[in-house]
Amino acid sequence: MDVTTVTHEIQPVFDSRSRVLLLGTMPSPASREQGFYYGHPQNRFWRVIAAIFDEPAPRTIEEKRDMLLHHHVALWDVLASCEIEGASDASIRDAQPNDLARIFDAADIRAVFATGTKAGELYRKLIEPTLGVPCTTLPSTSPANAKMKLADLVGAYGKALLPLLGETEKHVLPVADVVKLEKEIAKSGTSLSTLMERAGRALAKVAFDEAQATASQHDPNNAMQRQADAISHTPHDNQNGSTGRTSSNSHTAEASDPSDENQAAPHIAILCGSGNNGGDGWVAARELARAGCAVDLVTKRPAREISAEPAHEQALLTEAIASKPANTPRAGLHQTASSSQTAASAPTAPQTTATQHAKPRAIAIHVSPSGDELACLFAAADVIVDAILGTGFSGDSVLAPYDAWIRLANEQRSRGARIVAADVPSGLSAQTGKAAEPCLKAHETVTMIASKPGLETPYAFAFCGTVHVAPLAYIEPILESWKQRETVDNASAGNDSLIGSSVATDANAALEAAGAGKPPSLKHDAFRRAETEDDDGYDPYSDRPPTPEPLFQADPWN
Ligand SMILES: NC(=O)C1=CN([C@@H]2O[C@H](COP(=O)(O)OP(=O)(O)OC[C@H]3O[C@@H](n4cnc5c(N)ncnc54)[C@H](O)[C@@H]3O)[C@@H](O)[C@H]2O)[C@@H](O)CC1
Ligand SMILES: [K+]
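About the cut-offs
- Residues numbered from 1 in each chain as written.
- Chains lettered and ligands numbered in written order.
- Predicted model: local features only at pLDDT ≥ 70, side-chain atom pairs only at ≥ 80, totals over all residues.
- Heavy atoms only, no water.
- Salt bridge = Lys/Arg side-chain N within 4 Å of Asp/Glu carboxyl O.
- Buried < 20%, exposed > 50% of the residue type's maximum accessible area, 1.4 Å probe, protein only.
- Helix = DSSP H or I, 4+ residues; strand = E, 2+ residues; numbered from the N terminus.
- Core = buried A, V, L, I, M, F, W, Y, C linked by side-chain atoms within 4.5 Å.
- Contact = heavy atoms within 4.5 Å.
- Donors = N, O, S within 2.8 Å, 3.2 Å for Na, K, Ca; no water.
- Tetrahedral: all angles 85-135°; square planar, octahedral: opposite > 155°, others 65-115°.
- Near = heavy atom within 4 Å.
- Polar contact = N/O pair within 3.5 Å; in protein donor to acceptor, adjacent residues only side chain to side chain.
- Areas by Shrake-Rupley, 256 points an atom, 1.4 Å probe, with all protein chains shown as cover.
- Nonpolar A, V, L, I, M, F, W, Y, C, P; charged D, E, K, R; others polar.

A.B. asks: When you look at the pattern of salt bridges in this model, what are you seeing that I'm missing?
C.D. replies: On inspection of all chains with the given rule, the structure shows 16 salt bridges. Asp 15 is the partner of Arg 17 in a salt bridge, and the nearest nitrogen-oxygen pair spans 3.3 Å. What makes Asp 15 buried here is its relative accessible area of 16%. Among the salt bridges present, the one from Arg 201 reaches Glu 63, with a minimum N-O distance of 2.8 Å. Of the two residues, Arg 201 is situated in helix α9 (residues 192-218) and Glu 63 in helix α3 (residues 61-70); the sequence distance between them amounts to 138 residues. Each of Glu 62, Glu 63, Arg 198 and Arg 201 takes part in one network of salt bridges that share partners.

Below, the structure written as structure tokens:
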């Protein structure tokens, strides 16, 4: 192979919030062509990073960058230039290091990791003597290190990185601010439709994990274990192509073979409203079908009659790959055929009855099914996904037909079905936490962009179950700019009070709780006592010992 002189031309990923730095040697030809790190489809780097944060694998460069920044991981390479044969690290000659000072100057980097032996060696030789910061070598995610399994890589990276990164900042934002954020993200180039795709993928991942957990309770050797990789880690979206059951993706070496007849495919019923919450469900249907699930999608209206955008656009995409038309609820089949028989393969002919042994489609769409039909679908479902109503819901009661859908889903829950809600359980006000009649009771809620006040009330758990925040985009810089703008506005208006607190981050919530009367500084100073704070004479931060409290009150009669 020819020796080429390569100069590093991809910008490092970092900002002031970065806490660990990952370094490779030099982008491979595939990465250079793509213009971003670890671009070779067989390289497991992005799957490993997504798995340690329990998020769907990022697909675009923007998603990859956002995921790293959101979790405070900086990424670059040891070398600025070198001579190299193809992607062979062993052939590297005349290596010139990158100047890491620009990252260390900007961020409080707590540890440096090399993503392979050669990167570690080069770092120790070319960078450590001047920088003085040691580096730990992690196993390579490259296909050349095929002997290392994905699970072992995830274990090694998780053990190294997670203790240093800690929790990401949790934001609880009013619904109006989330809408404002969506618009700002869209203005900066990520369309609302793309955000919805990310929302649907995050929803699908949690639903799939739920189904997998349920199945493994029944059968620890279930083939679904292997299918998990398909939903978490498939790198390319195949919107216009076929569903996962018919397209085996060459990039998911460790994914299941969707044509394996012995696999017990999970059954997922997805309830979609006609607003954008429903749009998350339409996207999730594609993702779940691609991962080998048998999906029954329930909607009040066919895709063409949905007016909310981007839900309409996403529904049309899903409809284009779904089976047509679903005359008989698939669940009807499950009363006579075992789920493993029916769910393992993808059909081409329309299905009518169980006795014809027609194979099920990946996605069956049911428009306004009757109560009996819905009960039948639910009876076959391992997981029910609630994408009926989200932040756009209002009122004290849920109107038909959604009220009946919610009641039936809650009944099925009491028979053992698991329920995953998109953004907020249908019937719960995302803003106030008030539950309408009826209100869906989820085991898991995947809330988009940030948590909302209604999900944080003391009794919200009864409806939300475990809340997962799907970030969808890196929002920290936007929130920071809002805070700065508000500080400037307050200062110019001579307003001495706290920021209007549309952004309820932990830090300013703590300030609010302390009743601070000064304009907030962007950095919360834990040692500064608020002037208005009650003072009972003892300052816990002072060196003065407290006056001991009497063990008993003096007897007033004595
Ligand atoms: N706008 C976007 O780009 C994104 C939106 N997302 C999703 O979009 C949702 C918000 O979407 P929308 O603003 O369209 O609102 P929703 O889809 O939450 O609700 C609107 C729908 O609910 C119906 N509705 C309202 N009150 C009702 C009641 N009492 N009984 C029965 N039906 C009622 C309305 O008729 C309308 O069809 C979020 O919760 C989130 O799931 C996410 O996908 C992220 C991206
Ligand atoms: K919902």
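Now that the structure has been shown, the text picks up again.
A.B. asks: Which parts of the structure should I look at to understand the nonpolar core?
C.D. replies: General note: in soluble globular proteins, nonpolar side chains tend to be found buried as a group. Membership of the largest hydrophobic core comes to 55 residues, with the highest contact counts inside it found for Leu 21, Leu 22, Tyr 37, Leu 75 and Leu 161. In terms of residues, this core owes the most to one element, helix α7 (residues 150-165), which gives seven residues. Contacts of Leu 75, omitting those with residues within four sequence positions, involve Pro 12, Val 13, Leu 21, Leu 22, Tyr 37, Tyr 38, Phe 45, Trp 46 and Leu 68. Counting 53 residues, the second-largest nonpolar core is a separate cluster that includes Ala 199, Ala 202, Leu 472 and Trp 482.

A.B. asks: What exactly am I supposed to notice about the coordination of the potassium ion (ligand 2) here?
C.D. replies: In ideal tetrahedral geometry, four donors around a metal make angles of 109.5 degrees, whereas ideal octahedral geometry with six donors gives angles of 90 or 180 degrees. Taken together, Asn 277 (OD1), Asp 386 (O), Asp 386 (OD), Leu 389 (O), Ala 422 (O) and Val 424 (O) make up the protein donors of the potassium ion (ligand 2), found 2.6 to 3.2 Å from the metal. Each of the six donor atoms around the potassium ion (ligand 2) contributes to a set of angles spanning 66 to 152°, which defines the coordination as irregular. Mapped onto the sequence, the donors of the potassium ion (ligand 2) take the spacing N-x108-D-x2-L-x32-A-x1-V. Taken together, the positions of Asn 277 in helix α11 (residues 276-290) and Ala 422 in strand β13 (residues 418-422) put the pair 145 residues apart, joining distant regions of the chain. The pair formed by Asn 277 and Ala 422 is uniform in burial state, with each residue classed as buried.

A.B. asks: How should the site of ligand 1 be read in this particular structure?
C.D. replies: Within the structure, ligand 1 sits among 20 residues, and Asn 277, Asp 280, Gly 390, Ser 394 and Asp 423 are positioned closest to it. At 3.0 Å, a backbone N or O of Ser 397 approaches a nitrogen atom of ligand 1. The separation between an oxygen atom of ligand 1 and a polar side-chain atom of Asp 423 is 2.5 Å. Out of a free accessible area of 870 Å², ligand 1 has 79% covered by protein chains. For the shell around ligand 1, the element with the most residues is α9, which contributes four residues. Of the residues in the shell around ligand 1, the class split is nine nonpolar, eight polar and three charged.

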